[in-house]
Amino acid sequence: MNNNLPFFRYVGDVSKISHYIIKEFLYNKEIAIDATLGNGNDTDFLANNFKLVYAFEIQKCACDNYINNKKDNVNIINASHHLIKEYISEPVDCIMYNLGFLPGGNKSITTKNETSLKSIKDGLKILNKGGIMTICIYRGHDEGKIEESCIISYLESLPKNQYGVMLHSFLNRSVDAPLLVVVERK
Ligand SMILES: C[S@@+](CC[C@H](N)C(=O)[O-])C[C@H]1O[C@@H](n2cnc3c(N)ncnc32)[C@H](O)[C@@H]1O
């Protein structure tokens, strides 16, 4: 046994858990959306696993930083994800949200509950049967706490015969530790 491993292998980074779930449990991997490009880690993951990826980001600097390293199957959309329906009309297999602000960037530019919720609602309308949506919610800042309550109360109301909704929450960490919500369309 290697006692020098610095991190937990599973109960750690919620983004990594979302990658694992998408990779293992999603059957069709044709089209995916990263609703929050940021530094591009999730987009890279999607680009390696899907035929076509759309990535939304409101900050032009983040789009510019990513564009030179992007794979050919990635389309960057420098717009807010609440406009998802205006940009994408085709059904998709996967939508990822990694909410909050850009790590290493301007912390005042963050996802907001109204636009996040509109995007999630419209995203579910284009999610294929069998598709998966993942939402990482960071509660360590004020907007994140508002997103947590709005998004979770909306997702709790989804009909259970159409959507499986599961919340992943740390039990022995700070009350502000991130959450991962997974929505699977039946
Ligand atoms: C936590 S970061 C995303 C991390 C990213 N997925 C990664 O792998 O590095 C959240 C990002 O969402 C962006 N953002 C904020 N509001 C947005 C919106 N309405 N539409 C799209 N992106 C938004 C922020 O600018 C920030 O870059």
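Residues numbered from 1 in each chain as written. Predicted model: local features only at pLDDT ≥ 70, side-chain atom pairs only at ≥ 80, totals over all residues. Heavy atoms only, no water.

The protein chain appears in an unreviewed UniProt entry as Class I SAM-dependent methyltransferase from Clostridium weizhouense.

K.L.:
Can you walk me through the site of the ligand in this structure?
P.N.:
Inspection of the region around the ligand gives 22 residues, with Thr 36, Asp 42, Glu 57, Gln 59 and Ser 80 positioned closest. Within the side chain of Asp 42, a nitrogen or oxygen atom sits 2.7 Å from a nitrogen atom of the ligand. The separation between a nitrogen atom of the ligand and a polar main-chain atom of His 81 is 2.9 Å. Burial of the ligand by the protein chains amounts to 96% of its free accessible area of 600 Å². Looking at the shell around the ligand residue by residue, the classes come out as eight nonpolar, twelve polar and two charged. (Near = heavy atom within 4 Å. Polar contact = N/O pair within 3.5 Å; in protein donor to acceptor, adjacent residues only side chain to side chain. Areas by Shrake-Rupley, 256 points an atom, 1.4 Å probe, with all protein chains shown as cover. Nonpolar A, V, L, I, M, F, W, Y, C, P; charged D, E, K, R; others polar.)

K.L.:
For this particular structure, what's the right way to read the pattern of salt bridges?
P.N.:
When the charged atoms of two side chains lie near each other, side chains of opposite charge can form a pair. Taken as a whole and assessed by the stated rule, the structure comprises six salt bridges. Among the ionic pairs, Lys 125 bridges to Asp 122, the shortest N-O distance being 3.2 Å. You can see Lys 125 and its partner Asp 122 sitting in helix H5 (residues 113-126), three residues apart, about one turn around the helix. Its relative accessible area of 4% is what places Asp 122 among the buried residues. For Glu 148, the salt bridge is made with Arg 139, and the minimal N-O distance between the two is 3.1 Å. When salt bridges with common partners are traced through the structure, they connect Lys 118, Asp 122 and Lys 125 into a single cluster. (Salt bridge = Lys/Arg side-chain N within 4 Å of Asp/Glu carboxyl O. Helix = DSSP H or I, 4+ residues; strand = E, 2+ residues; numbered from the N terminus. Buried < 20%, exposed > 50% of the residue type's maximum accessible area, 1.4 Å probe, protein only.)

K.L.:
What is the right way to look at the nonpolar core in this model?
P.N.:
The nonpolar side chains of a soluble globular protein tend to be buried with one another. Ile 33, Tyr 97, Ile 120, Leu 124, Met 133, Ile 135 and Leu 155 are the most contacted members of the largest nonpolar core, which totals 30 residues. Among the elements of the structure, strand S1 (31-34), strand S2 (52-56), strand S4 (92-98), H5, strand S5 (127-137), helix H6 (142-156) and strand S7 (179-185) are those that each provide at least two residues to this core. Not counting residues within four places of it along the chain, the set of residues in contact with Ile 120 comprises Tyr 97, Met 133, Ile 135, Ile 151, Tyr 154 and Leu 155. In terms of nonpolar packing, the next biggest core, distinct from the first, is built from 24 residues, Ile 21, Ile 22, Cys 94 and Ile 132 among them. (Core = buried A, V, L, I, M, F, W, Y, C linked by side-chain atoms within 4.5 Å. Contact = heavy atoms within 4.5 Å.)

K.L.:
I tried to follow the sheet that holds S7 on my own but got confused; where do I start?
P.N.:
Working definition: the strands of a sheet are paired by backbone hydrogen bonds and lie parallel or antiparallel to each other. Taking strand neighbours across the sheet as the criterion, the seven strands line up as S3-S2-S1-S4-S5-S7-S6 in an open arrangement whose pairing is mixed. Of all strands in the sheet, those with a lone pairing partner are strand S3 (74-77) and strand S6 (163-169), marking the two edges. Neighbour to neighbour, the strand axes of the sheet diverge by 15 degrees on average, direction disregarded. Sheet topology note: the S4/S5 ladder contains six bridges and is parallel. (Pairing = 2+ DSSP bridges. Axes fitted to C-alpha atoms, helices over the stretch in contact; angles between N-to-C directions.)

K.L.:
Just checking my understanding: could you explain the pairing of S4 for this structure?
P.N.:
It is a general feature of regular strands that their side chains alternate between the two faces of the sheet. Along S4, seven of the seven residues are buried, which leaves the element largely enclosed by surrounding structure. Bridge count between S1 and S4: three bridges; the pairing is parallel. Looking across to S4, one finds that Asp 34 is bridged to Met 96. Each parallel crossover has a hand, and the one from S4 via H5 to S5 is right-handed. (Right-handed = clockwise from strand over helix to strand, strands pointing away.)

K.L.:
Teacher, can you tell me more about the side chain of Ser 116 here?
P.N.:
In this structure, Ser 116 sits in helix H5. The class for Ser 116 is buried, based on a relative accessible area of 0%. At a separation of 2.7 Å, a polar atom in the side chain of Ser 116 contacts the side chain of Glu 147. Beyond its immediate sequence surroundings of up to four residues, Ser 116 is in contact with His 81, Leu 99, Thr 111, Glu 147 and Ile 151.

K.L.:
Please explain H5 as it appears in this structure.
P.N.:
Every α-helix winds through 3.6 residues per turn, so residues three or four apart in the chain are directed the same way. Along its 14 residues, H5 runs 20 Å from first to last C-alpha, staying within 8% of the 20 Å computed at 1.5 Å per residue. Among all positions in H5, only Asn 113, Ser 116, Leu 117, Ser 119, Ile 120, Asp 122, Gly 123, Leu 124 and Ile 126 are buried. (Expected span 1.5 Å × (residues − 1).)

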